[in-house]
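Read off the chains here:
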Amino acid sequence: MKKFIIIGAGILGASTAYQLARLGADVLIIDRKHTGQATDAAAGIICPWVSQRRNQAWYRLAKAGARFYPGLIEELTKEGETETGYARVGALSIHHDLGKLSKMEERALQRREDAPEIGEINRLNESATRALFPLLGEGYHSVQISGAARVDGRALRDALLRSAQRNGASLISGEASIQFHTNRVTGVIVNGNSYSADKTVVCAGAWAGELLRPLGIRFNVRFQKAQIMHLHVDDRSDTGAWPVIMPPSDQYLLAFDNQRIVIGATHEDEITGYDTRITPGGMQEILNKGLALAPGLADSTFHEVRVGFRPFTPGFLPVIGAFPGWEGLITANGLGASGLTMGPYIGYQLAKLAIGMEPDIDMHDYGLGAAVEQGES
């Protein structure tokens, strides 16, 4: 039986480990539980079909990620994992400008031709929009996408890790350093103990660069800080069934069970190091934009702010593959703000690649290429 080590237990590492374990591999997951792990802070919107991003390689991956979810959730449910944080609640793409909504509706209808999982696409007036999300401000009409979903990153990650362990995977906490001989990676050292593997899979997100530096690999991954706020509303109906709100700004609103509302998120590029502080400026930005969208949240109860680092690689496109010039070392990274949409699907592709199966994607679209430079660090 081949042995695999997965470094990093965010949504990508957890998904890869789960898929490898189900394929019968011997899997060891290592995670040092970074404060600021992107998955730990994330609440995700699974609705790539109305995106205006022009990069078709990105869209193909995001579309495949959304399509992958129902089958994955069904598998986890059969294994007894009912708390995955995933629900197909639909989304409302809202706007005051009816002309822009018409273009959005047209784009969604066009994309439904090869993505029937979009579901029903409906135009809703102001009263119908507010009926579905009563906290919204006045004047918003919407395009409703019935196939959209939301997911809690922590809950899904934990469900995947539990299922991976039920299928034989092991999980240890600690700082991993990669062991290698000439150009072959042989395993890792964690907590003073050595672990060998046929292949080591780096799923370390924003921390991948420092992990790979001792090998002389310069991995060009940068990160963006995100602060995300959680609130509780009182005396409301079943918020767990409320749709995701996608406004024209860079913010969003998600409703979960037990009257929990999530407002996100900041996009902080100019930070020094792994700054996990919750800042007044970040909270103000979230509240200013969030309350403008949903004034009804003004009387809610503050619960917490979570902080995460979204990893990006050059071109803002995920990279997947084996490191040039190295044996036994593969990775995926650069999922950015789409981590929860793409993570489970990319994990499945990474598991296939690791075990020698043919991936379902064109690997040339997501090659490590510009993200990797070998030489002295």
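Above this text is the structure in question.
Residues numbered from 1 in each chain as written. Predicted model: local features only at pLDDT ≥ 70, side-chain atom pairs only at ≥ 80, totals over all residues. Heavy atoms only, no water.

(A) Looking closely at the sheet that holds strand S13 (residues 199-202). With respect to topology, 6 strands assemble into an open sheet ordered S9-S2-S1-S13-S21-S20, the strand pairing being mixed. Two strands close off the open sheet at either side, each with one partner strand: strand S9 (170-173) and strand S20 (319-322). The mean inter-strand angle of the sheet, taken between neighbouring strand axes irrespective of direction, is 15 degrees. Along the sheet, helix H9 (residues 339-355) contacts strand S1 (3-7), S13, S20 and strand S21 (329-333); its crossing angle with S21, the most-contacted strand, is approximately 170 degrees. (Pairing = 2+ DSSP bridges. Helix = DSSP H or I, 4+ residues; strand = E, 2+ residues; numbered from the N terminus. Axes fitted to C-alpha atoms, helices over the stretch in contact; angles between N-to-C directions. Contact = heavy atoms within 4.5 Å.)

(B) Summary view of the packing of aromatic side chains. Inspection of every chain in the model, using the stated rule, returns 12 aromatic pairs. For the pair phenylalanine 68 and tyrosine 345, a centre-to-centre distance of 5.6 Å together with 65 degrees between the ring planes defines the contact as edge-to-face. In this pair, phenylalanine 68 is assigned in helix H3 (residues 56-78) and tyrosine 345 in helix H9, connecting sequence segments 277 residues apart. Considered together, phenylalanine 68 and tyrosine 345 belong to a single accessibility category, that of buried residues. Measuring from centroid to centroid gives 5.1 Å for tryptophan 207 and tyrosine 274, while their planes differ by 10 degrees, and the two rings are stacked. Taken together, the positions of tryptophan 207 in the loop between S13 and helix H7 (208-212) and tyrosine 274 in the loop between strand S18 (260-264) and helix H8 (280-293) put the pair 67 residues apart, joining distant regions of the chain. Clustering of aromatic rings is evident, with ring pairs tying together Trp207, Phe223, Tyr274 and Phe309. (Phe/Tyr/Trp six-rings, centres within 6.5 Å; stacked < 30°, edge-to-face > 60°. Buried < 20%, exposed > 50% of the residue type's maximum accessible area, 1.4 Å probe, protein only.)

(C) Structural context of helix H1 (residues 11-22). Helix length check: H1, at 12 residues, gives a terminal C-alpha distance of 16 Å against a target of 16 Å (1.5 Å per residue), a fit within 8%. Counting buried positions over the 12 residues of H1 gives 11, a clear majority of the element. In the segment just after H1, glycine 24 is the residue with positive phi, at about 90 degrees. (Expected span 1.5 Å × (residues − 1).)

(D) Structural context of the packing of H1 against H3. Across the interface, H1 lies against H3 with an axial gap of 13 Å and an inter-helix angle of 60 degrees. Judged by the inter-axis angle, H1 sits oblique to H3. Where H1 crosses over H3, the handedness of that crossing is left-handed. Facing H1, whose interface residues are Tyr18, Gln19 and Arg22, H3 presents Phe68, Leu72, Glu75 and Leu76. (Parallel < 35°, antiparallel > 145°, perpendicular 65-115°, else oblique. Left-handed = near helix turned anticlockwise from the far one by under 90°.)

(E) Region of the structure containing the pattern of salt bridges. Going through the model one piece at a time under the given rule, you end up with 24 salt bridges. A salt bridge links glutamate 210 to arginine 32; the nearest nitrogen and oxygen atoms lie 2.9 Å apart. Within this pair, whereas glutamate 210 is found in helix H7, its partner arginine 32 is found in the loop between strand S2 (26-31) and helix H2 (38-41), the two being separated by 178 residues in sequence. Residues arginine 260 and aspartate 152 are paired through a salt bridge, measuring 3.1 Å at the closest nitrogen-oxygen approach. Here arginine 260, found in strand S18, pairs with aspartate 152, found in strand S8 (residues 149-152); they are 108 residues apart in sequence, far enough to count as distant. Classification of arginine 260 as buried rests on a relative accessible area of 17%. The exposure class of aspartate 152 is buried, given its relative accessible area of 7%. One network of salt bridges, in which partners are shared, links Arg22, Glu75, Glu79, Glu81, Arg162 and Arg166. (Salt bridge = Lys/Arg side-chain N within 4 Å of Asp/Glu carboxyl O.)

(F) Just the packing of H3 against H9, in detail. Two elements in contact, H3 and H9, have axes whose closest approach is 7 Å; the angle formed by their N-to-C orientations is 80 degrees. One way to sum up the angle between H3 and H9 is to call them roughly perpendicular. In this structure, H3 contributes Trp58, Leu61, Ala62, Ala64, Gly65, Ala66, Phe68, Tyr69 and Leu72 to the contact, and H9 contributes Leu340, Thr341, Met342, Pro344, Tyr345, Ile346 and Tyr348. Broken down by class, the residue content of the contact of H3 with H9 amounts to 14 nonpolar, 2 polar and no charged. (Nonpolar A, V, L, I, M, F, W, Y, C, P; charged D, E, K, R; others polar.)

(G) Representation of the sheet that holds strand S12 (residues 193-196). Taken together, 3 strands build an open sheet; the order of strands is S10-S11-S12 and the sheet is antiparallel. For this open sheet the edge positions go to strand S10 (176-181) and S12, each flanked by a neighbour on one side alone. Between one strand axis and the next, the sheet turns by 35 degrees as a mean value, whatever way the strands run. Pairing of strand S11 (residues 184-190) with S12, which is carried by 4 bridges, proceeds in the antiparallel orientation. Along S12, the bridge assignment pairs valine 190 with asparagine 193.

(H) Looking closely at the nonpolar core. Ranked by size, the top nonpolar core spans 77 residues in total, and within it Val27, Cys47, Trp49 and Ile145 carry the most contacts. The dominant element in this core, judged by the number of residues it contributes, is H3, at 12 residues. Not counting the four nearest positions on each side in its chain, tryptophan 49 is found in contact with Tyr59, Lys63, Ala66, Arg107, Ala108, Arg111, Ala115, Glu117, Ile118, Ile145, Gly147 and Ala148. Counting 26 residues, the second largest nonpolar core, distinct from the first, contains Ile30, Ile178, Val188 and Val221. (Core = buried A, V, L, I, M, F, W, Y, C linked by side-chain atoms within 4.5 Å.)

(I) Looking closely at H3. In this model H3 runs 34 Å from its N-terminal to its C-terminal C-alpha over 23 residues, within 8% of the 33 Å that 1.5 Å per residue would give. Along H3, the sharpest kink reaches roughly 35 degrees, centred on tyrosine 69 and followed within four residues by the proline proline 70. You can read the cap of H3 off the contacts: a side-chain oxygen lies 3.0 Å from the backbone nitrogen of alanine 57, and it is on asparagine 55. A positive backbone phi angle near 95 degrees is found at glycine 80, which sits one or two residues after H3. (Bend = angle between axes of the 7 residues up to and from the residue. Polar contact = N/O pair within 3.5 Å; in protein donor to acceptor, adjacent residues only side chain to side chain.)

(J) Quick look at the pairing of S2. The buried count for S2 comes to 5 of 6 residues, which makes it a mostly enclosed element. The parallel pair S1 and S2 is bridged by H1, and the resulting crossover is right-handed. (Right-handed = clockwise from strand over helix to strand, strands pointing away.)

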